[in-house]
Amino acid sequence: MKAIEVKGLKKKYRKTEAIKGVSFEVDKGELFGIIGPDGAGKTTLFRILTTLIYPDEGEARVEGLDTIKDYKEIRHIVGYMPGRFSLYQDLSVEENLTFFATVFNTTIKENYHLIEDIYKQIEPFKRRKAGKLSGGMKQKLALSCALIHKPKVLFLDEPTTGVDPVSRKEFWGMLKKLKKEGITIIVSTPYMDEAMLCDRIALISEGEIMKINSPEGIIDEYDSRLWKIRGEDMHRLLKDVREYEGTESCYAFGDSLHITLKGGEESIGGLEKFAEEKGHGKIRGEEIRANIEDCFMKLMKK
Amino acid sequence: MKKVIEAENLVKKFGDFTAVDNITFQVNEGEIFGFLGANGAGKTTAMRMLCGLSKPTSGEGRVAGYDIGKEAEKVKANIGYMSQKFSLYNDLKVWENIRLFGGIYGMGSDEIKEKTDELLKRLNFENEKNTMVKSLPLGWKQKLAFSVSIFHNPKIVFLDEPTGGVDPATRRQFWELIYEATDRGITVFVTTHYMDEAEYCDRVSIMVDGRIDALESPMKLRETYDAKNMDEVFYQLARTAKRNGG
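Residues numbered from 1 in each chain as written. Chains lettered and ligands numbered in written order. Predicted model: local features only at pLDDT ≥ 70, side-chain atom pairs only at ≥ 80, totals over all residues. Heavy atoms only, no water.

1. Brief notes about the overall build of chain B
As a reminder, the rule being used: A helix here means a DSSP run of H or I that spans at least four residues, while a strand means a run of E at least two residues long, and both kinds are numbered starting from the N terminus. Atoms considered for the radius of gyration are the C-alpha atoms alone. The globule rule reads 2.2 Å times the number of residues to the power 0.38. Contacts: residue pairs with any heavy atoms within 4.5 Å of one another. His is not counted here, nor are the chain ends, while Lys and Arg score as positive and Asp and Glu score as negative. Note on charges: their place is set at NZ of Lys, CZ of Arg, CG of Asp or CD of Glu.
Of the regular secondary structure elements, chain B holds 9 helices and 10 strands. Here the C-alpha atoms of chain B give a radius of gyration of 18 Å, agreeing with the 18 Å that 2.2 N^0.38 yields for 246 residues. Referenced to the eigenvectors of the C-alpha coordinate spread, the extents of chain B come out at roughly 50 × 40 × 35 Å. Within chain B, counting contacts between residues at least 6 apart in sequence, those at least 24 apart form 68% of the total. Taking the average location of the 34 positive side-chain charges in chain B and that of its 36 negative ones, the two points are 4 Å from each other.

The structure is reproduced here in structure tokens:
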């Protein structure tokens, strides 16, 4: 049995098709990423899987249970951390945690080992009201509350949005540890670099899954040759490269440009020469392996 | 070189907590200035002071030629501001949003009309003039929000995480709009959590525990910290933080 099975799922809000026929499966114990921008349908998918809304068509199972018929059982075995802060702002840190434990008929003590690493970082502030916590601490409390009943499947909807790169790394470290406890984790994120930390990912855009595979697998499937170039005046170089007749795509990536050429051209020599003529000096193209953002942009174009 | 921001020993305290701890820096005219820092490092507080929304506890600052303590209203009128959260009114049409913000910044009706047509044309939005903002795709909304924030031709525009949550292609298109704005002489002050975007800035400052611990061009920062990219630079600096913000 799979931890999650989704078949032909569709959901419309009035005229907007939030999800246009999505199917996928997640294995038990997997760390599965749903990667895509705002408005791609990530939250809708999470709300269907956590039994908060009905799909219009298709079916979804969590641990073999149907999200419509067996919603009560599902609610006992999943943990859900919604994108917006979901705790009681007027309750203290400890009161929030106790509340969630009680609702699920358990105690903080019973599963303390699961949350220990995370909770002990905020324990010094356990009498502080949740509303007065910093962003990072709120995130840790919300995760503790979603874990306190030892869920079989953990749903994290954009847990790292608006979080700085250092805190994001730390958060992913926590997820790695939870995975070792055997919990299946479904996590959504708009940050493409986080894709590499998942076992498998679904790239989602405009309500459709464009691709499902391991991150490495998705990169292996990128079938164009890709070059990287650098120059003195990057903005002008970008504009000039786009003017070059052989250019298929050209995007800025930090301190360099990523380029694909039309018709799978064998060499970037022509472009190097063109750039030199445009006054960029000696530009050297280096062939590179794609990253997830390259893949995502290529899939979006199709 | 002309300075659009001059901050000298700026401090902001809340009770006994020092959110911004004596920062001094300048932003040059026409520059793209990246303002980085971990959550809780004091970026938002510093930015609120520079926008004339919060009075410094001590220190001085001039933005767009006005004193942020004594001439806060003039500062507000001469800057642009855009954040991911607050941008446009969803229940107004595209042209109504433009009209509203133009009016708030004291532009005359004729000027607004003329510049609206020009703006819609430049963005290829002519057919969307009467569309409700809520039914625009996110990437379009962002483009519009940015254009509206510089509609009154401010000396400087403050962008607070403008690209959060958008797809990678839209994120890059957005940066092209930023470059276009600087071509027109507008100075850009931008915060972001995407470290590749830090590379697109002329200079970058990194805040740690209320202080500015580094301020250089991305290339120099990479050299100084012997890092292969800005992500590593940021990591090296931010992990020295003592505050529990993140």
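2. Observations regarding the sheet that holds strand E12 (residues 247–253) of chain A
Residue and element names in this part refer to chain A. Quick note on the threshold: Two strands pair if DSSP finds at least two bridges between them. For helices, the fitted line uses only the C-alpha atoms of the stretch in contact; every axis is such a line through C-alpha atoms, and the angle between N-to-C directions lies from 0 to 180 degrees.
With antiparallel pairing, the 4 strands of this open sheet are ordered in space as E12-E13-E11-E14. Two strands bound the open sheet, and with one partner strand each, they are E12 and strand E14 (286–288). For this sheet the average axis-to-axis angle between neighbouring strands, irrespective of direction, equals 35°. In this structure, E12 lies alongside strand E13 (residues 256–261), joined through 6 bridges in antiparallel fashion. Note on E13: the bridge partner recorded for Phe-253 is Ser-256. Each of strand E11 (226–229), E12 and E13 touches helix H8 (residues 234–243); the most contacted strand, E12, lies at about 165° to it. In the packing of helix H10 (residues 292–301) onto the sheet, the strands contacted are E11, E12 and E13, and the crossing angle to E12 comes to about 140°.

3. Some thoughts on the packing of aromatic side chains
Condition: Put simply, two rings from Phe, Tyr or Trp (the six-membered ring, in Trp's case) pair if the centres are within 6.5 Å, and we call them stacked under 30 degrees between planes, edge-to-face over 60, tilted for the rest. To sit over a ring, a charge needs its Lys NZ or Arg CZ within 6 Å of the ring centre and within 35 degrees of the ring normal.
Taken as a whole and assessed by the stated rule, the structure comprises 17 aromatic pairs over all chains. Members of the aromatic cluster, each reached through a chain of ring pairs, are B:Phe25, B:Phe33, B:Phe35, B:Phe158 and B:Phe189. The ring of A:Tyr222 carries A:Lys298 above its face, with NZ or CZ at 4.9 Å from the centroid. Seen from the ring of B:Phe151, B:Lys115 lies directly overhead, with NZ or CZ sitting 5.4 Å from the centre.

4. Details of the layout of surface pockets
Defined as follows: Within this scheme a cavity is a closed region of a 1 Å grid, computed over the protein atoms alone, that accommodates a 1.4 Å probe without allowing it to escape, whereas a pocket is open but has protein on both sides within 12 Å along at least five of seven lines; lining residues each have an atom within 4 Å of a point. Grid points are joined across faces, edges and corners, and a volume is the space filled by probe spheres set on the points. Only Asp, Glu, Lys and Arg are considered charged, only Ala, Val, Leu, Ile, Met, Phe, Trp, Tyr, Cys and Pro nonpolar, and every remaining residue, Gly among them, polar.
What the second largest pocket holds in volume is close to 1100 Å³. When contributions to the lining of the second largest pocket are tallied by element, the ones reaching two or more residues are helix H6 (165–180), E13 and H10 of chain A together with helix H7 (195–198) and helix H9 (230–238) of chain B. Among the elements that line the lining of the second largest pocket, the one with the most residues is H6(A), at 4 residues. For the lining of the second largest pocket, a count of residues per class yields 14 nonpolar, 6 polar and 16 charged.

5. Details of a nonpolar patch on the surface
Using the following cut-off: Patch membership needs two things, relative accessible area over 30% and no salt bridge, and members are linked within 9 Å if like-charged or within 5 Å if nonpolar (Val, Leu, Ile, Met, Phe, Trp, Tyr). Each accessible area is a Shrake-Rupley estimate made with a 1.4 Å probe; only the visible protein chains count as cover when residues are assessed. Should a side-chain nitrogen of Lys or Arg be within 4 Å of a carboxyl oxygen of Asp or Glu, the pair is scored as a salt bridge.
A surface patch of nonpolar side chains, amounting to about 280 Å² of accessible area, comprises A:Tyr88, A:Phe99 and A:Val103. Looking at where A:Phe99 falls in the secondary structure, it is placed in helix H3 (residues 93–103).

6. So, the interface of chain A and chain B
Basically, it comes down to this: Buried area is a sum: the accessible area each of two parts loses on coming together, probed at 1.4 Å, counted once for each and added.
Counting residues at the interface gives 33 residues for chain A, matched by 31 residues for chain B. At the boundary of chain A with chain B, total buried surface from both sides reaches about 2500 Å², with 56% on carbon and sulfur atoms. A salt bridge links A:Arg242 to B:Glu176, with the shortest nitrogen-to-oxygen separation between them at 2.9 Å. Put simply, the parts of the chain that give the side of chain A that touches chain B at least two residues each are helix H5 (135–147), H6, H8, E12 and H10 of chain A. Sort the elements by how many residues they give to the side of chain A that touches chain B and H6(A) lands first, with 5 residues. A class-by-class count of the residues in the side of chain A that touches chain B yields 16 nonpolar, 8 polar and 9 charged.

7. Focus on the pattern of salt bridges
Where side chains of opposite charge bring their charged atoms close, a pairing between them can arise. We count it as follows: Only protein chains enter the calculation, and the probe is 1.4 Å; a residue is then buried if its accessible area is under 20% of its type maximum, exposed if over 50%, and partly exposed in between.
Evaluated as defined, the whole model comprises 41 salt bridges over all chains. In this structure, A:Asp220 and A:Arg289 form a salt bridge, with 3.0 Å as the shortest nitrogen-oxygen distance. Taken together, the positions of A:Asp220 in helix H7 (residues 215–220) and A:Arg289 in the loop between E14 and H10 put the pair 69 residues apart, joining distant regions of the chain. In this structure A:Asp220 comes out as exposed when scored by relative accessible area, which is 53%. The class for A:Arg289 is partly exposed, based on a relative accessible area of 48%. A single salt-bridge network, built from bridges that share partners, covers A:Glu293, B:Arg171, B:Arg172, B:Asp196 and B:Glu197.

8. What about the nonpolar core?
Threshold: In this text, buried Ala, Val, Leu, Ile, Met, Phe, Trp, Tyr and Cys residues form a nonpolar core when linked through side-chain atoms within 4.5 Å.
Of all hydrophobic cores here, the largest spans 66 residues; its most connected members are A:Leu257, B:Leu144, B:Phe146, B:Leu159, B:Ile206 and B:Met230. The dominant element in this core, judged by the number of residues it contributes, is helix H6 (residues 168–183) of chain B, at 6 residues. For B:Ile206, the residues in contact, after removing those within four places along its chain, are B:Leu36, B:Arg211, B:Ile212, B:Asp213, B:Ala214, B:Met230, B:Val233, B:Phe234 and B:Leu237.

9. Re the pairing of strand E3 (residues 32–37) of chain B
Residue and element names in this part refer to chain B. Extensive coverage of E3 is indicated by the burial of 6 of its 6 residues. As paired elements, E3 and strand E8 (residues 187–191) share 3 bridges and run parallel to each other. From the neighbouring strand, Phe-33 faces E8, where its bridge partner is Phe-189. Where E3 meets strand E9 (residues 203–208), 5 bridges bridge the pair, whose relative direction is parallel.

10. What to know about the packing of helix H3 (residues 94–104) of chain B against helix H4 (residues 109–122) of chain B
Residue and element names in this part refer to chain B. Operational definition: We call two directions roughly parallel when the angle between them is under 35 degrees, roughly antiparallel when it is over 145, roughly perpendicular when it lies between 65 and 115, and oblique otherwise. By convention, the crossing between two helices is left-handed when the near helix turns anticlockwise from the far helix through less than a right angle, and right-handed when the turn is clockwise.
The N-to-C vectors of H3 and H4 enclose an angle of 135°; their axes lie 10 Å apart at closest approach. The orientation of H3 with respect to H4, classified from their angle, is oblique. Note that H3 runs across H4; the crossing there is right-handed. For the pair H3 and H4, contact is made by Val-94, Ile-98, Arg-99, Gly-102 and Gly-103 and by Ser-109, Ile-112, Thr-116, Leu-119 and Leu-120, respectively. Residues that form the contact of H3 with H4 fall into these classes: 5 nonpolar, 4 polar and 1 charged.

11. Concerning helix H9 (residues 269–280) of chain A
Residue and element names in this part refer to chain A. The test is simple: A helix's residues, less one, multiplied by 1.5 Å, set its expected span. In this description, the arc belongs to the directions extending from the helix axis to the C-beta atoms.
For H9, built from 12 residues, the straight-helix expectation of 16 Å at 1.5 Å per residue is missed by more than 12%, its first-to-last C-alpha distance being only 14 Å. Of the positions making up H9, those classed as buried are Leu-271, Phe-274, Ala-275 and His-280. Axial view of H9: buried residues confined to an arc of 115°, hence all on one face. For H9, the exposed residues lying more than 90 degrees away from the buried face are Lys-273 and Glu-277. Its buried side turned inward, H9 meets H8, E12 and E13. Two residues or fewer after H9 comes Gly-281, characterised by a positive phi angle close to 75°.

12. Points about the sheet that holds strand E2 (residues 16–26) of chain A
Residues and elements named next belong to chain A. One open sheet accounts for 4 strands, arranged E2-E1-E4-E5; its pairing is antiparallel. Edge positions in the open sheet fall to E2 and strand E5 (65–66), since each of these has one partner strand only. Pairing analysis gives 5 bridges linking strand E1 (residues 4–13) to strand E4 (residues 57–62), with the strands arranged antiparallel. Bridging across to E4, Glu-5 finds its partner in Arg-61.

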